[in-house]
Amino acid sequence: MNRKRIKKIWVDQKVEKATLTSRLLDKLPGVPVEMVAGLEPVKREFRFSPDPVGESKQHLFITEQKSFIRPCPCTPGSVGCGYWTIDLDLNCPFDCSYCILQQYLNWQPLTVNVNREKLRAELESFFQRKADGIIRLGTGELADSLALDELTENSIFLVEAFRGQDRFWLELKSKSDHIRPLLEIKPADNVVLSWSLNPEAIIASEEKGTASLRERLRAAAKAVIHGYRVGFHFDPILHYPGWQADYERLVVEIFKVIPVEAITWVSLGSLRFPAALLPVARRRFPESRMCEQEFIRSAEGKYRYPRPVRLLLYRELGEMLAAYRAEDKIYLCMESVEVWREFLEKIKRGRRNFAFPFPWQG
Amino acid sequence: MAIRLIKPTEINLEDRRFRFTFNPVEERFLRSVKHIGVLQPVLITYREGKPVLVDGWKRVEAARVCGLEELLALEIDDQADDAEIFFLSFSINFSRRPFSLAEKSLAVRKFHDFGLRPADIIENLLPDLEIPPEQKTLEILLEISGLERWLEVIHRKDWKLGTAELLVTFPQEERLWLLQLVEKLTHSQQKEIIENFYSLKRKTEKSLEELARDEEIGEAVRRLLDGKIEAAGMLISVLRKLSSPTVWRLNEAISDRIKKLELPSEISLDFDRTLEKPSLKVALEVDSTRQLKEVIKDLSERLARPEWDGIFELLHYVGD
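Now for a look at the structure at hand.

Cut-off values and rules
- Note on numbering: residues in each chain are counted from 1, in written sequence order.
- Chain letters start at A and ligand numbers start at 1, both assigned in the order the entries are written.
- Reporting in this predicted model follows two pLDDT cut-offs: at least 70 for local features of residues, and 80 or more for side-chain atom pairs to be given and counted; totals over whole chains, interfaces and linings ignore these cut-offs and use all residues.
- Side-chain calculation: all heavy atoms of the structure are included, whereas hydrogens and water are not.
- The term salt bridge refers to a pairing of a side-chain nitrogen on Lys or Arg with a carboxyl oxygen on Asp or Glu at a separation within 4 Å.
- Note on conventions: DSSP H or I runs of at least 4 residues are helices, E runs of at least 2 residues are strands, and numbering of each starts at the N terminus.
- Three exposure classes are used, based on accessible area relative to the maximum for each residue type with a 1.4 Å probe and protein chains only: buried under 20%, partly exposed in between, and exposed over 50%.
- Strands pair, by our definition, only if DSSP identifies at least two bridges between them.
- By arc we mean the arc of the directions from the helix axis to the C-beta atoms, nothing more.
- The contact criterion used is simple: two residues touch if any of their non-hydrogen atoms lie within 4.5 Å.
- The quantity reported as buried area is the accessible area (1.4 Å probe) lost by two parts once they are put together, taken as the sum for both.
- We define a polar contact as two N or O atoms separated by no more than 3.5 Å, with the added condition that, inside protein, one atom must be a possible hydrogen donor and the other a possible acceptor, whereas residues neighbouring each other in sequence contribute only through side-chain atom pairs.
- Note on terminology: pairs of cysteine sulfur atoms within 2.5 Å are recorded as disulfides.
- The sign given to each residue is positive for Lys and Arg and negative for Asp and Glu; His and the chain ends receive no count.
- Here the expected length of a helix is defined as 1.5 Å per residue gap, with one fewer gap than residues.
- Paired rings are identified among Phe, Tyr and Trp, the last through its six-membered ring, by centres lying within 6.5 Å, and are further divided according to the angle between planes into stacked (under 30 degrees), edge-to-face (over 60) and tilted (the rest).
- Working rule: Lys NZ or Arg CZ, within 6 Å of ring centre, within 35 degrees of ring normal, means a charge sits over the ring.

Before going further, it helps to examine the pattern of salt bridges. With the rule as written, the count across this model stands at 56 salt bridges over all chains. Salt-bridge contacts for lysine 191 of chain B lead to glutamate 195 of chain B; the nearest nitrogen and oxygen are separated by 3.8 Å. Taken together, the residues span about one helical turn, with lysine 191 of chain B and glutamate 195 of chain B both in helix α10 (residues 187-204) at a distance of four residues. By relative accessible area, which is 35% here, lysine 191 of chain B ends up partly exposed. Here the salt bridges do not stand alone but share partners, grouping Glu300, Arg304, Arg310 and Glu335 of chain A together with Glu276 of chain B into one network.

Given below as C-alpha cells:
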C-alpha cells in the first residue's frame, strides 16, 4: 500500500484510545486525522467528489465491529463451497474495474476494525462450536487480505489465532505482494496464502494499483519456500479476443515457480456482477470494454457470460492445469449444478464426483 | 400575500421560469372546471409589471379552455427573488406527488440557475428527490434538463436515471437521433434500444450513423423513423442478435430443429432461452388416458428423428 495515497484518517470516537489505533496513526505520520462519531460524516465527504468510489479508497476509517464471522453468501442457485468469511477490514485500495465492492460497499472508506479481542473471542467460540470436518475461513471477501497488511499486520494476528487449530484453515487472499510480515513468523500448516491471478495484460488494464503477475508469483514462491501452502484463484476469468493464449502463458508462468504439490486449491470463476455495478463500472472505467461482452442475466439477476462460453473457459483452463497434474485441486466459484456437472465430466474424467470435500478433507 | 381576481388571458404562459412540471390537463379536470370553475387560487408574482405564473398551470390552462373570465390568484410580493419564489413553487408541488425524472432534472436546473450552490443541491435537494446525492448525478440531471422538448417524452415514459445516464454519454446529435427514434415506444423498448446501441457503439467503436449502415439495423431504423412503431420489435431483435451472438445463434438453431420435428399440437417443447439450463421441457396436453397413450406412442416413434440429438447437442454446446 502506497501510504501517500491515504489522504485522511478518520477515527471513530469509540476506538480513540485503542492500542491499535495509536499504532496505525504512528505508522501514518503527516496524514490529517479527524475524530468522528461514526461513518456518516466520512461518507458525506465523498458526495462532492466526481468519483466517490475512488475517493473512498483514499480515506482510512478506524473503527470497531460487532461481529466478524459469517458464512460466505455465495449466490442463489449456485453450488456453495462451505466457506466462511472474516470481515476484518472493509474495502480495498486497489481499483479493479470489475470489483463488486465498488457498488456493494456504498462508498465505505478503507476500514480497519481494531477490536481484535472481539474477533479472537468469536474465533475461539467458532472453533469450539464447529465440530465436524475441515472448515475454511478467509478475510478476502470484502477486502484484499494483504493490501493493508504492512499497516495493520492483521495477518500475524490471524495466523497466531489459527495456529494449532488443525480443522480450521485460514486463507489470506490477495492481489498484492505484501507478505513481509508473514515471512517473519513461523508458517502454520493450516494457513493458505492465495493469489487472484489474471494475465498480465488484464492486470495492467483492469486491476489498477495491484501487484504485477510477476510480483504476485514471486511472492507466492517466497511463501512456498518459507513453508506456507498456497492457492490460486482464476477469478474473474475474462473472455476477450486472445484469452486462450494469455491464460495459457499465465499457467506456464505459475508452474515455472510453484511446484504443484505446494498448491492447495485453485478456483475458477468467470466474470459476473450485479446489474447495479454496470453503471458504476462504465462511469469509472470508460476505457474498459469488460462490460461490453456477451452476457445473460442469470436467475439471481447477475450478468454472466452465457453457459457455453463459461464452460469453454473452465474446460480450457482445466485442461491447462491438468497438464501440470493440478486438476484435482480445482473447484468452481459461484457456479450452477449444471455447469459443475458438465465441467467435472470432462476434466475429472469420472475419477471424482465432486471437488468437495477436497482430497485432503478425506 | 394579497388575493385578487385575474383574467386567465392576462397571464403570459410563455414565461415558464417557475414551471418544472409536465402533466397535461386531464379530461376529468376539464369537466370539473366546466361545472364548478376553479376554486383554488393560482399563485402569481410580477416581473416588469406583468403577472408571471408561479403555481397553477393546469388550472390556468383549464380556465382558458373552458372560457372562464376570471380566476382567483394569490399575489407574491414582487420583491421576492426568483430563487425564493421557485422554492415556493417546488415545495407546493413536492407535497402533491412524486416527480418524474424529467421534472426532477428541470427542478434541479432551475435551482442551479437561480443560484443554489451545487454542494447544497447535492446535500439537501437530491436526497429529497430520491436521487443518489453525488456530483455525478447532479451533472446527469443538468445534462438531461437541456433536452428541451424531449423532456416531455422522458416524463411521459417515466425514464429511470440509468437510461438517462446512458443517453447523456452520446454526443448531442446522437442523443437527439436516439430520442427521435424511440419517441413513441414503451419505456422498456426505449431502454433496451438505448442500452444496446450504447454497448454496440463501445464494442465496435463506431458512431450510431455507422451502425445504422448495417443492412438490418438500417431497415428497422428507417421504418421506425417513418413512424412504424411495429419495427421496434425488429430493431430490438437485430440488436439482440448483435449484442448476444452466441445465445442468439443457439436459440435460432434449437428453435429451427424443434420446428422441423413437426410435433402435433398435443406435444410442446420448450427450453431456457438464456441457455443456463441445458434441458428440454416436454409438455403433453391430453384429456384422457387413451389420448395420453396415443400421444406417448406418437412421441416415442418420433424419437428416431435425428433432430432430437441435434437439439440436445445444441443445448450442451460449449464454445463462443
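Before going further, it helps to spend a moment on the sheet that holds strand β6 (residues 89-90) of chain A. All names here are of chain A. Reading across from one edge, β2-β1-β3-β8-β6 is the order of the five strands in this open sheet, with mixed pairing throughout. In this open sheet, the two edge strands, each paired with only one partner strand, are β2 (33-36) and β6. Where strand β1 (residues 8-12) lies against strand β3 (residues 59-63), four bridges are found, and the strand directions are parallel. In the strand pairing of β3, isoleucine 9 is matched with leucine 60.

Further remarks concern helix α5 (residues 118-128) of chain B. All names here are of chain B. Three or more residues of α5 are buried, namely Ile121, Ile122, Leu125 and Leu126. The buried residues of α5 all sit within an arc of 130° when viewed along its axis, so they share a single face. Packing partners of the buried residues in α5 comprise α3 (82-94), α4 (101-113) and α6 (135-145). Positioned one or two residues after α5, glutamate 130 has a phi angle of 55°, which is positive.

Glancing now at the interface of chain A and chain B. It is common to give the size of an interface as the accessible area lost on bringing the parts into contact. Facing the 32 residues of chain A at the interface are 32 residues of chain B. Counting the surface lost from both chain A and chain B, the interface buries some 2,800 Å², and carbon and sulfur atoms represent 49% of this. The largest contributions to the chain A side of the interface with chain B come from Arg283, Glu294 and Arg307 of chain A, which together make up 23% of the buried area. Taken together, the links from chain A to chain B amount to eight salt bridges. Arginine 289 of chain A is paired through a salt bridge with glutamate 205 of chain B; the nearest N and O atoms lie 3.8 Å apart. Applying the counting rule to chain A against chain B returns 21 residue pairs in polar contact (both at pLDDT 80 or more). Looking at the side of chain A that touches chain B, the elements that each hand over two or more residues are α12 (277-284), β16 (296-297), α13 (307-322) and α14 (337-347) of chain A. In terms of residues, the side of chain A that touches chain B owes the most to one element, α13 of chain A, which gives seven residues.

Before going further, it helps to spend a moment on the environment of phenylalanine 86 of chain B. Residues and elements named next belong to chain B. By the element assignment, phenylalanine 86 lies in helix α3. Exposure remark for phenylalanine 86: the relative accessible area of 0% places this residue in the buried category. Each C-alpha atom of the pair phenylalanine 86 and arginine 19 lies 8.4 Å from the other, and the pair is 67 residues apart in sequence. If we skip the residues at most four places from it in the chain, phenylalanine 86 touches Arg17, Phe18, Phe20, Ala107, Lys110, Phe111 and Phe114.

So, about the sheet that holds strand β15 (residues 272-274) of chain A. Residue and element names in this part refer to chain A. What the three strands build is an open sheet, ordered β15-β17-β16; its pairing is antiparallel. What marks the edges here is a single partner per strand, and that holds for β15 and β16. Relative to strand β17 (residues 302-304), β15 is paired through three bridges, and the arrangement is antiparallel. For phenylalanine 273, the partnering residue across the bridge sits in β17 and is tyrosine 303.

All names here are of chain A. Going through the model one piece at a time under the given rule, you end up with zero disulfides over all chains. The structure places no disulfide on cysteine 99, whose sulfur is separated from the nearest cysteine sulfur, that of cysteine 96, by 6.1 Å. Since its relative accessible area comes to 19%, cysteine 99 is described here as buried.

Residue and element names in this part refer to chain A. Burial analysis of strand β11 (residues 191-196) places six of its six residues in the buried class, the great majority of the element. By the alternation rule, side chains of β11 split into Val191, Leu193 and Trp195 and Val192, Ser194 and Ser196, which are all buried. One ladder, built from five bridges, connects strand β10 (residues 168-174) with β11; its direction is parallel. Paired with lysine 173 across the strands is serine 194, a residue of β11. As judged from the five bridges shared by β11 and strand β13 (residues 229-237), these two strands associate in the parallel manner. The residue of β13 that forms the bridge with valine 192 is arginine 229.

Our next topic: unusual backbone geometry. Residue proline 236 of chain A is reached from aspartate 235 of chain A by a cis peptide bond, and omega for that bond is 0°. Of note, proline 236 of chain A is situated in strand β13. Even without a glycine there, the phi angle at glutamate 48 of chain B is positive, about 50°. Mapped onto the elements, glutamate 48 of chain B comes out in the loop between β2 (42-47) and β3 (50-55).

Relative to the helices and strands, glutamate 294 of chain A is located in the loop between α12 and β16. Within the buried set, glutamate 294 of chain A has no salt-bridge partner at all; the shortest N-O distance to an opposite charge, 6.7 Å, is to arginine 249 of chain B. Within the structure, the side chain of glutamate 294 of chain A is placed 2.9 Å from the side chain of serine 244 of chain B, a separation counted as a polar contact. Within polar-contact distance, the side chain of glutamate 294 of chain A engages the side chain of threonine 246 of chain B at 2.8 Å. Leaving out residues up to four positions away in the same chain, glutamate 294 of chain A has contacts with Arg304, Tyr305 and Pro306 of chain A together with Ser243, Ser244, Pro245, Thr246 and Val247 of chain B.

All names here are of chain B. Look at helix α15 (residues 289-302): 20 Å from first C-alpha to last across 14 residues, which is about the 20 Å you get at 1.5 Å a residue. Three or more residues of α15 are buried, namely Gln291, Val295, Leu299 and Arg302. The arc that holds every buried residue of α15, seen down its axis, measures 70°, which confines them to one face. Every exposed residue of α15 that faces more than 90 degrees away from the buried side is listed here: Thr289, Arg290, Lys293, Lys297 and Glu301. Check the buried side of α15 and you find it contacts β5 (267-271), β6 (280-284) and α16 (307-315).

Two descriptors summarise a pair of aromatic rings, namely the distance from one centre to the other and the angle between the planes of the rings. By the definition in use, this model includes 25 aromatic pairs over all chains. Taken together, the aromatic side chains of Phe18, Phe20, Phe86, Phe87, Phe90, Phe94, Phe99, Phe111 and Phe114 of chain B make up a single cluster linked through ring pairs. Above the ring of tryptophan 10 of chain A, the side-chain terminus of lysine 8 of chain A is found at 4.0 Å from the ring centroid. For arginine 273 of chain B, the ring lying beneath its charged end belongs to phenylalanine 271 of chain B, and the centroid distance is 4.0 Å.

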